[in-house]
Amino acid sequence: MSLLEVNNLTIAFGNKKVVDSISFSLDKGARIGLIGESGSGKSMTSLAIMGLLPDTATVSGSITFEGQELIGLSDRDHSRLRGNRIGMVFQEPLTALNPLMRIGKQIAGPLMIHKGQSLKAGLENALELCIKVGLPDPDRILRAYPHQLSGGQRQRIGLAIALACDPALLIADEPTTALDVTVQQEVLNLINTLVQEERSSLVFVTHDLPVVAAMTENVAVMQLGKIVENASVATLFHAPAHEYSRRLISAARSAEDSFSGKGAHQ
Amino acid sequence: MIRKAMKGNVSLIAGSIMVSITFALLILSFIWTPYDPLAVNADDSFAGISMRHILGADKIGRDILSQIIVGSRVTLFVAALAVTIAMTLGVSAGIIIAIASRKYQSPMIYAVNIALAFPAALLAIILAAIYGASTITAVAAIGLATAAAVAQVTRRTAHGILASDYVLAAHASGASTWRIIRKHVMPNLRASLLIQASAVVSVSVLAESSLSYLGLGTPPPAPSWGRMLAGSQQYLFVNPLLAIWPGIAIVIVVLGFNLVGDGVREVFDPTLRRIDS
Amino acid sequence: MSQLVLETKDLSRTYKLAKGASGSGKALRHALIDLNISVNAGDRLGIVGESGSGKTTLVRLLLGLDTPTSGSVEFKGQTLVAGKMPWLRKEVQIVFQDPRSSLDPRMKISEIIREPLVCLGINEDHDARINEVLQSVGLEQAMRERYPHELSGGQRQRVAIARALAPRPTVLIADEPVSALDVLVRDQILELIAELTKNLGITLILVSHDLSVIARLCDRVIVMKDGVVVESGNTRQVFDNPTHAFTRALIAAIPRLPQSL
C-alpha cells in the first residue's frame, strides 16, 4: 500500500477549478516532484494534503495518507497529522516563522504539541535538531528571533520544525526559490540528506526543472490544474511525452545553453 | 458599478437601507412633522402609543415622533461636520507625516499619539468651559478627537503605498512628490478612507448623543436624540417608551453606517486580492 | 571610439543601523565600497550578485535616487546629485523585478505609460508615443484601457518596459526583469529587451542572480560580493574561466539538467 494516494482530486473556488481531477501515488521512502508554472495548481495540491486550503475552497476526490482519508477530515484530526506525520516547508522563510517568538520555542512547538514534551525537553531536542540541520552555534540560534538570521538559516530552521517529529512525509513547496543560489544548493543538499536518513517520503513542489531533477525520482508535470505527464526523471528528460513538458524542458535547456555559450543567441 | 457592488452584499444592502431611513427622516423634518416638536400640551403628558401620538408623548406632552424626526437634523449635521473636519485634518496630517523626512517624523508621530489620548468628551468639556456648550463645540470636539485616529491610520497606509515599487517607478519617471501624492497615494487610499469615514460617522453619532446626554452638546430646546435619552432616565419605569424610541433611532443610524463601512470593505477587498497558483 | 556614459569613481555607500543585531549600539553597514565601474555607450553590462552584494544600492545610485557616502557617479561627465537633476530621469530608466507591484493597480495602462512623458515634459504627441511604444513591446492598442490586474505577468512586464522606453532614454537598467515571471515567458521578455536595446542603441545594464540570463544578454559582466567587485570582464571569459573563488562557487551552485543521451 502506498503512503500517499491522491485520486481524482479536484479543488475549486466557486465554479473555477484550480485543480482538475488529478491522481498520483507515493510509496514509502519515495520522492515525487510537482512541477508547473503559476496557476498550475501545484501549491494548492500540497495545501490540500496538509488540510490548509482556505474555507472558500471546495474539495472533492480522495487523498489517503497511511490508509486514512484526508478529505473531509475535521480540522482537529488533521492538525494531529500536521507537524507530526506530515511536515511542510514553505517558500518564504521569513513569513513562515513567528517574528515574535524565539527560534527554540518554535522548533520545540511541534514536539510539545504532538509528543507531549515539556518545554525543557523540547528545547533540548531543538538543540539537536539545529545541529542536524547544520546550523552553527545552535545555542545562540535557539535564543534568537527570526529577523536576526539569514534566509538560509531561517529555511534550515523551517526544515528543523518540519522534521521535528520524524514525519513519514515531507512536503516542500518551493523551499529554495527565495534563496540565493549558493545557499540554495546547501539547503537542497540538506533536504536530500535528511530525507534519505529518515527514510521519509518527499513531495517537492517547484517550477525549476533542474532542481526537480536533482531532488526526485518521479515527476508530475502540472498545467492549468491537470497532470499532463507523470514519469520518472529519466523518462521525462530523455523522452518527454507531452507537448507542455517538451516546452518546459526546451526552455530549461536553452537557458543552460546560453550559459555555457552553446546558445543560438550569442 | 453600484449595482454590482450591492449584489449579495448583505452588509451594504442592510446598511444602505438604514442610512436611507435616517436621511428620509431628515428630509421629512423640513417638510412635515405630526406636531411642532416643541409644542407643549399638558393634557397629553406621558401619552402612550395612540392615534394622537403615534410614538407617544413626553412629560410635557411633546410628541415623540416629531422630536425624533427633527432630532435627526442635529444628529446628521454633527456627524457630517465632524466627519468633514476629522477626514480633512486627519488625512492631511497623515500624509504630511508619511512623506516627512525621518528627522521630523518621530516628533510628529509622538504628537499624534498624544492627541489620540484625548477622548472627545474631555475636549468637549474643555471647549464647553471656554465657549459654552453648543452644537458647534460638540462638532469641534468630536472632529478633532477623531482626526487623530484618522491621521494614524492614514499615515500607516500611506507609508505602505509610498514604499511600493510603483511609487519608486513614478520617482524614476520623474514624478514630483506632489504628483505622487495626487496620482498614486490618494487613489490607493480611497478604500481605506471610505471605511474610515463610515467608522468616524458612527463614532460621531454616538459621541454627539453622549455629549448631549451629558449636557455638553446641543442645548435645549432643540430636539436631540441624546438629550431625549437623558431626559427619559428618571421616567424609565413610568414610561420606557421615552427611552426606547431615541435609543432605536441612534442604533439604526450607527449600525447603518457601520454596515455600509463593512459592505464597502467587502467590495474593495476581492478586487485587490487575487489567488495565484 | 566608445563614449563613456556612466562612470562611478570610488563610489561608497554606508548605512547606519539603528541597533546592531547583538544590541551593541550603532553599527555600520557597508553596502558599497570604493566601486569603480565604467559603462560605454551601447554596452550590455551584466551585474551579478546575491542578496547583500550591494547591487540594489548600486542601481539606486546609478539612477540618481540616492546620495553616495563618498565618491561619485557621473553621467556623461556630469556628477549626479540626488534630487537635483530632473533631466536624468529622461536619460536613465529602469524596469523593476516584480511586474505585479511596479505598476499602480489603480491606473490604466495608457496612464501608466503616459506618466514619464508628462512628468518629464516630453515634447511630442503623448498618445502617439504611447501607441508607438506599446507596439514595439508587442502589445495591442486595446491594452491601453486595461488595468494591471487584467494582464498576465509577461504582459505586465512588457508594459513596464514600454514605460521605461517611452521617454527615449540613453540607458536602460533592468533589475531582475524575468525573475518573477514563469519559465516559459522568460525567454520572450529577454528577447524583447535584447532586440529593443540593440535596435534603439540603448545602453543596457542588467542586474540578475541568474547567470544564464546574463550570458544571454550581456557582453560584459561584473560580479559583486559584499559591496565590492570581485571579478569583471567579458561574459564568456568570466563564465568559462572564472578566476575568483566566489564566481566559481556561483557557477558550481547552478543546478544542472540531466544530460540528454
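See the structure printed just above.
Residues numbered from 1 in each chain as written. Chains lettered and ligands numbered in written order. Predicted model: local features only at pLDDT ≥ 70, side-chain atom pairs only at ≥ 80, totals over all residues.

## Topic: the overall build of chain A
- Scanning chain A from N- to C-terminus turns up 11 helices and 10 strands.
- In terms of C-alpha radius of gyration, chain A reaches 19 Å, essentially the compact-globule figure of 18 Å for 266 residues.
- With respect to the three principal axes, the spread of C-alpha positions in chain A is 55 × 50 × 35 Å.
- Split into buried and exposed, the 266 residues of chain A put 45% on the buried side.
- Within chain A, contacts between residues separated by at least 24 positions form 64% of all contacts whose residues are at least 6 apart in sequence. (Helix = DSSP H or I, 4+ residues; strand = E, 2+ residues; numbered from the N terminus. Rg over C-alpha atoms; globule rule 2.2 N^0.38 Å. Buried ≥ 20, exposed ≤ 12 C-beta atoms within 10 Å, placed from the backbone. Contact = placed C-beta atoms within 7 Å.)

## What about the interface of chain C and chain A?
- At the interface, 25 residues of chain C touch 30 residues of chain A.
- Breaking the side of chain C that touches chain A down by element, the ones donating at least two residues are α6 (183-199), α7 (211-217), α8 (235-240) and α9 (245-252) of chain C.
- The element that contributes the greatest number of residues to the side of chain C that touches chain A is α7(C), accounting for four residues.
- Looking at the side of chain C that touches chain A, its residues break down into 14 nonpolar, four polar and seven charged. (Nonpolar A, V, L, I, M, F, W, Y, C, P; charged D, E, K, R; others polar.)

## A few points about helix α2 (residues 10-31) of chain B
Residue and element names in this part refer to chain B.
- Relative to the 32 Å expected for 22 residues at 1.5 Å per residue, α2 spans 32 Å between its end C-alpha atoms, a close match to the ideal helical length.
- L12, G15, V19 and L25 are the residues of α2 that are buried. Projected down its long axis, α2 carries its buried residues within an arc of 155°, all on one side. Opposite the buried face of α2, by more than 90 degrees, sit the exposed residues V10, S20, A24, I27 and I31. (Expected span 1.5 Å × (residues − 1). Arc of directions from axis to C-beta.)

## Details of unusual backbone geometry
Residue and element names in this part refer to chain C.
- One non-glycine residue, K76, lies in positive phi territory at about 45°.
- For K76, the position within the fold is in the loop between β4 (70-75) and β5 (78-79).
- Positive phi values are uncommon outside glycine, yet R168 reaches one of about 55°.
- Looking at where R168 falls in the secondary structure, it is placed in the loop between α5 (153-165) and β7 (171-175).
- R168 gets classed as partly exposed once you count the C-beta atoms within 10 Å, which come to 15.

## Looking at the sheet that holds strand β1 (residues 4-13) of chain A
All names here are of chain A.
- With antiparallel pairing, the four strands of this open sheet are ordered in space as β2-β1-β4-β5. The strands lining the two open edges of the sheet, one partner per strand, are β2 (16-26) and β5 (68-69).
- In this sheet, β2 lies alongside β1 in antiparallel orientation, the contact comprising seven bridges. Across the sheet, residue A12 finds its bridge partner in β2, namely K17. (Pairing = 2+ DSSP bridges.)

## A word on the packing of α2(B) against helix α3 (residues 64-99) of chain B
Residue and element names in this part refer to chain B.
- One can describe the packing of α2 onto α3 by two numbers: an axis separation of 8 Å at closest approach and a directional angle of 110°. In terms of orientation, α2 lies roughly perpendicular with respect to α3. At the point where α2 passes α3, the crossing takes the left-handed sense. The residues of α3 that touch α2, namely those facing T22, L25, L26, L28 and S29, are I69, V70, S72, R73 and L76. (Axes fitted to C-alpha atoms, helices over the stretch in contact; angles between N-to-C directions. Parallel < 35°, antiparallel > 145°, perpendicular 65-115°, else oblique. Left-handed = near helix turned anticlockwise from the far one by under 90°.)

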